[in-house]
Amino acid sequence: MAYPPLPLQTGLVSPETLPLLLVLAGLGLSLAEAIAPGAHFVVLGVALLAAGLAGLLIAPLASPIILGLLVFVFGALALYGYRELDIYGGKGEEKTSDSDALTGKMGRVTERVTPTSGEVKLDEGGFNPYYAARSVHGELEAGTEVIVVDPGGGNVVTVEGVGPGEDEIDRELARERARRHEESAERDEEELEREGTEGV
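Just so you know, these numbers come straight off a predicted model, no measurement behind them.

Re the UniProt feature "transmembrane region" (unreviewed entry) in the protein
Move 1: The sites that carry the UniProt feature "transmembrane region" (unreviewed entry) are, in the present numbering, residues 12–32, 39–59 and 65–82.
Move 2: Summarising residues 65–82: 100% helix, 0% strand, and an end-to-end C-alpha distance of 25 Å.

As structure tokens, then:
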């Protein structure tokens, strides 16, 4: 059974016109990127444009296989350059932070918080700012301003009430207490690990 020839073999698209098609596709994607920025088409557009120009300027590179390899190479270089140059800004943003970053964050009680249950909404709590909470001392009613003293490593945070007469200095002192409490807990944990390894 004979298979039909590939389009490049029938003369519909000659190897000489392939670089031109790549240049046109690269320009089209670059134009699309300019109209709707957001890095959707920039890497592929640059790769197609560069491979097409290489094929137009250096005739021996105009074969489909070599152009395919050039698209891959220029695409890898464009992706590397895009990431390193940080064209659209925001490098390092939108990364998920660990739970330790919650220490010292301010928020408000949404459901009464006791030493065993409750919920708070943190001012800078991320995509979902609602966290299950436990209080350090007593009960905190809904609407009470709180500060996180222990992130707890998950969705359950330990909070302490911030009085209505407290100002930014008092809040900063509370954050410092929370930070020292966290450092003390880390030191204690390291001590336990050292004692555990020494005893083995």
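Focus: the pattern of salt bridges
Any two side chains of opposite charge can pair, so long as their charged atoms come close to each other.
Move 1: Throughout the structure, instances matching the rule amount to 4 salt bridges.
Move 2: Arg180 is paired through a salt bridge with Glu176; the nearest N and O atoms lie 3.4 Å apart. Linking Arg180 with Glu176, this pair stays in helix α5 (residues 168–198), spanning 4 residues, or about one helical turn.
Move 3: Judged by relative accessible area, Arg180 falls into the exposed class, the value being 54%.

With respect to the environment of Ser63
Move 1: Relative to the helices and strands, Ser63 resides in the loop between α3 (42–57) and α4 (64–85).
Move 2: Look at Ser63 and you get partly exposed, because its relative accessible area is 26%.

Side note on α4
Move 1: Relative to the 32 Å expected for 22 residues at 1.5 Å per residue, α4 spans 31 Å between its end C-alpha atoms, a close match to the ideal helical length.
Move 2: When we look at burial in α4, the residues that qualify are Leu67, Leu70, Val71, Gly75 and Ala78. Across the axial projection of α4, the buried residues extend over an arc of 140 degrees, all falling on one side. Looking at α4, the residues exposed on the side facing more than 90 degrees away from the buried face are Ile65, Leu69, Phe72, Leu77, Tyr80 and Arg83.
Move 3: Buried residues belonging to α4 abut α2 (18–35) and α3.

Cut-offs and rules
Residues numbered from 1 in each chain as written. Predicted model: local features only at pLDDT ≥ 70, side-chain atom pairs only at ≥ 80, totals over all residues. Heavy atoms only, no water. UniProt positions renumbered as here; feature names shortened; annotations may be inferred. Helix = DSSP H or I, 4+ residues; strand = E, 2+ residues; numbered from the N terminus. Salt bridge = Lys/Arg side-chain N within 4 Å of Asp/Glu carboxyl O. Buried < 20%, exposed > 50% of the residue type's maximum accessible area, 1.4 Å probe, protein only. Expected span 1.5 Å × (residues − 1). Arc of directions from axis to C-beta. Contact = heavy atoms within 4.5 Å.

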